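# Structural features, examined
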Amino acid sequence: MNHFELIGGELHAENVPLSAIAEAVGTPVYVYSRATLERHARVFKAALAGLPRSHVAFAVKANPNLAVLRVMQREGLGADVVSGGELARALAAGMAPQDVVFSGVGKTATEMVQGLESGIGQFNIESEEEGVELAALAAALGQRAPCALRVNPDVDARTHAKISTGKAENKFGVPIDRAAGIYARLSALPGLDMRGVAVHIGSQLSQLEPLEEAFGKLGELIAEIRAAGLSVTHADLGGGLGVPYKAGEVFPSPEEYGAMVARVTARWDATLMFEPGRVICGNAGLLLTRVVRVKRSSNNTPFVIVDAAMNDLARPAMYGAWHDFDAVRPNGSRMAAHIVGPICETGDTFAMDREIDAVEPGDLAVFRTAGAYGATMASSYNSRGFVAEVMVDGDKFAVVADRIVPEAISAAERVPDWLD
Ligand code: LLP
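Presented here is an overview of the structure given in this document.

What counts, and at which threshold
Throughout this description, residue numbers start from 1 for each chain and increase along the sequence as written. Confidence filtering applies because this is a predicted model: local features only for residues at pLDDT of at least 70, side-chain atom pairs given and counted only at 80 or more, and all residues used for totals across whole chains, interfaces and linings. The side-chain numbers reported here are obtained from all heavy atoms of the structure, hydrogens and water having been left aside. For each residue, the test is whether any non-hydrogen atom lies within 4 Å of the molecule or strand; if one does, the residue is near. Between N or O atoms, a polar contact is any pair within 3.5 Å; within protein, one atom must be a potential hydrogen donor and the other a potential acceptor, and residues adjacent in sequence are included only when both atoms are from side chains. By the convention adopted, Pro, Cys, Tyr, Trp, Phe, Met, Ile, Leu, Val and Ala count as nonpolar, Lys, Arg, Asp and Glu as charged, and the other residues, Gly among them, as polar. For the domain bounds, the source is a domain assignment made automatically or taken from a database. DSSP bridges decide pairing: two strands pair if at least two such bridges lie between them. The helix and strand labels rest on DSSP assignments: H or I over at least four residues marks a helix, E over at least two residues marks a strand, and numbering proceeds from the N terminus. Pairing of aromatic rings covers Phe, Tyr and the six-membered ring of Trp, with a centre-to-centre limit of 6.5 Å; geometry is then stacked below 30 degrees between planes, edge-to-face above 60, and tilted otherwise. Buried residues are those whose accessible area, probed at 1.4 Å on protein chains only, stays under 20% of the maximum for their type, while exposed residues exceed 50% and partly exposed ones sit between those limits. Lysine and arginine charges are scored as sitting over a ring when NZ or CZ, respectively, is within 6 Å of the ring centre and within 35 degrees of the ring normal. With the strands aimed away from the viewer, a crossover counts as right-handed if its path from the first strand over the helix to the second runs clockwise. Within this analysis, the arc is defined by the directions that extend from the helix axis to the C-beta atoms. Any pair of residues with heavy atoms lying within 4.5 Å of one another is described as a contacting pair. Within the patch definition used here, like charges are joined within 9 Å and nonpolar side chains (Val, Leu, Ile, Met, Phe, Trp, Tyr) within 5 Å, considering only residues with over 30% relative accessible area and no salt bridge. Only the protein chains shown count as cover for residues, and all accessible areas are computed by the Shrake-Rupley method using a 1.4 Å probe. For salt bridges, the criterion is a side-chain nitrogen of Lys or Arg within 4 Å of an Asp or Glu carboxyl oxygen.

Turning our eyes to something else, we now look at the site of the ligand. Around the ligand, the surrounding shell holds 18 residues, and the nearest of these are S203, E275, R315, Y319 and Y373. For the ligand, an oxygen atom lies 2.9 Å from a polar atom in the backbone of G277. Taken together, the residues that form the shell around the ligand break down as six nonpolar, six polar and six charged. Split by domain, the shell around the ligand shows at least three residues from each of two domains, domain 1 (4-32 + 282-410) and domain 2 (34-278).

Right, here's the structure in full:
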């Protein structure tokens, strides 16, 4: 469910016609709906209401825009961060440090110290080596770092290979069969407060079974660690719940997910933590673009060339991902087309042989479900700058990220004297 609907023949974001945003801010531009973000945060929290103790940390990587993070903060969510930059954003958005979880396989010493000095709630450590290093840094600051050990359960998440994280060959977490030993050794370090375990097997999951299998294995690990006389008070179940990208696709609902979690964890007696990203913000955003040209091709299917490109929305080029493409003012007729951006490589293709609303040069159109892993994965390739972001709230909207023009990027570059 989202708040991007046709009103009087024109696609609106809540009550704002998209043409008004294009006119004021230009295209391409990401448009987020506050009401949709809030709704998804509430639906996710409500789905967990039956659990005795839970904490939801929004995966900042999905959409780190400060205004989006503020909406999450107002809804009572914390943050799952994976870099010093994301940690700074979460705090800048007003999140309480104790509501922040720091994940990631390659935290640097500087980032770990940043987390310690900020007083974050939990480090999800991904290797014994990282734990030893964090213990030393924390001890030097006179602290005990609250930690969960991320395990790799060797479960196939049945999603795209590039976003699967829970198979043995993936770089994430420690092998589950060695986890109890590592947990015990790390628990002996004075700089660490080992309080839990964590798992995240991948993103855009379309089925609950792989999650259930991973959580089942985590439950056995918790029992094994406790049997060794150590304490486990927290279990972080990660994110990963997928969303439909094509009209008509059906995915497990947050309610079904919550019910499965409640069943599997019924006897865990631990605070459960969650790191949802896409399911909260995915369909709360779209990428508004303008058709530059419609070009005849070698067969009958034209190229619809839009002003957005793979640098603005990388998912199709990177994962072969599908984003629905709709005209802002559909005229009722349809056409078959290839949808491409202006960038000089064939990978800059959003869709091949797609049946779409008929469009002409100058028309506005949208790529839907672009609120997660959209703007945040942008680059300035082909010196195109960075796209602007707008948030809509009822009948008003605000620019929540300025467009960064190519000149602003080249202003940070220098030609050394010795090239004169
Ligand atoms: N927690 C951890 C440790 C993660 O690595 C991720 C995502 C999440 C939570 C949030 O997962 P979500 O609920 O959003 O599925 N760029 C890719 C997605 C990469 C996901 C990386 N990790 C894409 O555009 O599909």
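What follows continues from the structure just given.
Before going further, it helps to examine the sheet that holds strand β1 (residues 4-7). Spatially, three strands are ordered β1-β2-β3 in an open sheet, and the strand pairing comes out antiparallel. Every interior strand has two partners, whereas the edge strands, β1 and β3 (16-17), have only one.

Here we take up the packing of aromatic side chains. Enumeration according to the criterion identifies seven aromatic pairs in this entry. Ring geometry for F102 and F123: centres 6.2 Å apart, planes at 15°, overall stacked. Here F102, found in strand β7 (residues 100-102), pairs with F123, found in strand β8 (residues 122-125); they are 21 residues apart in sequence, far enough to count as distant. According to the relative accessible area criterion, F123 is buried, its value standing at 1%. Members of the aromatic cluster, connected to one another through ring pairs, are F44, Y257 and F274. Sitting over the ring of W322, K246 keeps its end group 4.4 Å from the ring centre.

Moving on, we get to the pairing of strand β9 (residues 145-152). Buried residues dominate β9, accounting for eight of its eight residues. In β9, alternate side chains face the same way, and those of A145, C147, L149 and V151 on one face and P146, A148, R150 and N152 on the other are all buried. Of the strand pairs in this sheet, β8 and β9 are connected by three bridges, and their pairing is parallel. Opposite F123, over in β9, you have C147 as the bridge partner. The parallel pair β8 and β9 is bridged by helix α6 (residues 128-140), and the resulting crossover is right-handed. Pairing between β9 and strand β10 (residues 174-175): two bridges, direction parallel. Within β10, the position partnered with N152 by the bridge is P175.

Inspection of helix α4 (residues 84-92) places G84, E86, L87 and A90 among the buried residues, and these make up the whole buried set. An end-on view of α4 places all buried positions within 160° of arc, on one side of the element. Packed against the buried residues of α4 are α3 (66-74), β6 (78-81), β7 and α5 (109-118).

On the surface, a cluster of nonpolar side chains totalling about 420 Å² of accessible area is made up of V415, W418 and L419. With respect to the secondary-structure elements, L419 resides in the segment after α12 (406-410).

Turning our eyes to something else, we now look at the environment of V328. With respect to the helices and strands, the residue V328 is situated in the loop between β16 (325-327) and β17 (334-340). Classification of V328 as buried rests on a relative accessible area of 2%. Distance from V328 to F172, taken between C-alpha atoms, is 41 Å for residues 156 residues apart in sequence. Contact partners of V328, with chain neighbours within four places excluded, come to L6, G9, E10, L11, L18, L288, L364, A365 and V366.

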